[in-house]
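Reading the structure
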Amino acid sequence: MTPKLRTALFAVVGVFGMTGLGYASVPLYRVFCQVTGLNGTTQRAADAPGGVGDKVVVAFDTNVSPKLPWTFKPENHEDRIDIGARDMAFFLATNDSDHPITGTATFNVTPAQAGKYFTKIECFCFTEQTLAPHETARMPVIFFVDPKILDDPDTRDIREITLSYTFYPVDSAGTAS
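Residues numbered from 1 in each chain as written. Predicted model: local features only at pLDDT ≥ 70, side-chain atom pairs only at ≥ 80, totals over all residues. Heavy atoms only, no water.

As recorded in an unreviewed UniProt entry, the protein chain goes by the name Cytochrome c oxidase assembly protein CtaG, listed as coming from Hephaestia caeni. UniProt, in the comment section headed Function (unreviewed entry), describes the protein chain in these words: "Exerts its effect at some terminal stage of cytochrome c oxidase synthesis, probably by being involved in the insertion of the copper B into subunit I." (UniProt positions renumbered as here; feature names shortened; annotations may be inferred.)

Structure below.
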């Protein structure tokens, strides 16, 4: 094999490798964030461990993409909960348009270090939501704050956590736009 052919072959392999890495980077990053709680990514669980007596305030923040004609807000703007105990919050979404629209919600937690201790059992954000014209839906999230937050020197002094959601429209291919 000539040096020019070998260089061309390495370049082609490099292009395909980098393209594959580019496509794999989003799902790999999502998995990494879920495992580590990076950037306020919350965890998922089947059940809560039970309250430990300490409390934390969970504030709720809602946003809607300008491309989505919805109104979206929490029923209560904050809740004082027992760390380790299962809790539930409700959000109201209204389709302000004259046609059905499907939306999907992204979420994060601040401060970011608390993300790995904020665990969701059930959430409207796990699936796409379709609302009929002018329909209002009451959407729950069931969650708990892991008691391990009290053992971590970076998080044991946190007394307020903000859970933030942003709704985006879903295009016909099933992706947020």
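1. Notes on the overall build of the protein chain
Across its full length, the protein chain holds one helix and ten strands. For the protein chain, the α and β elements follow one another from N to C terminus as α-β-β-β-β-β-β-β-β-β-β. Burial statistics for the protein chain: of 177 residues in total, 38% are counted as buried. Long-range pairs, those at least 24 residues apart, make up 75% of the contacts in the protein chain with a sequence separation of at least 6. By element, 57% of the accessible surface of the protein chain is carried by carbon and sulfur atoms, the whole surface being about 10,200 Å². (Helix = DSSP H or I, 4+ residues; strand = E, 2+ residues; numbered from the N terminus. Buried < 20%, exposed > 50% of the residue type's maximum accessible area, 1.4 Å probe, protein only. Contact = heavy atoms within 4.5 Å. Areas by Shrake-Rupley, 256 points an atom, 1.4 Å probe, with all protein chains shown as cover.)

2. Here we look at the nonpolar core
Formed by 32 residues in total, the largest nonpolar core has its most connected members in F124, I161 and Y165. Going through the elements one at a time, β2 (55-64), β3 (70-74), β5 (87-95), β6 (101-110), β7 (118-123), β9 (136-145) and β10 (160-169) are the ones with two or more residues in this core. Considering every element that reaches this core, the biggest residue donor is β9, with five residues. In contact with F124, not counting residues within four places along its chain, are F72, F91, A105, Q129, M139, P140, Y165 and F167. (Core = buried A, V, L, I, M, F, W, Y, C linked by side-chain atoms within 4.5 Å.)

3. A few points about the sheet that holds strand β8 (residues 129-131)
Here five strands make up an open sheet; going across it, the order is β4-β2-β10-β6-β8 and the pairing mixed. Among the strands making up the open sheet, the edge pair consists of β4 (78-82) and β8. Between one strand axis and the next, the sheet turns by 30° as a mean value, whatever way the strands run. (Pairing = 2+ DSSP bridges. Axes fitted to C-alpha atoms, helices over the stretch in contact; angles between N-to-C directions.)

4. Re the confidence of the model for the protein chain
Taken residue by residue, the protein chain gives an average pLDDT of 83. The fraction at 70 or more is 76%. This stretch, residues 36-40, has a pLDDT under 50; its non-local contacts, to residues over four places away or in other chains, come to 16 contacts. (pLDDT = per-residue confidence, 0-100.)

5. What about the pattern of salt bridges?
Within the structure shown, the criterion is met by three salt bridges. Of the charged contacts in the structure, one is a salt bridge between K55 and D82, with a shortest N-O distance of 2.4 Å. In this pair, K55 is assigned in strand β2 and D82 in strand β4, connecting sequence segments 27 residues apart. In this structure K55 comes out as partly exposed when scored by relative accessible area, which is 34%. (Salt bridge = Lys/Arg side-chain N within 4 Å of Asp/Glu carboxyl O.)

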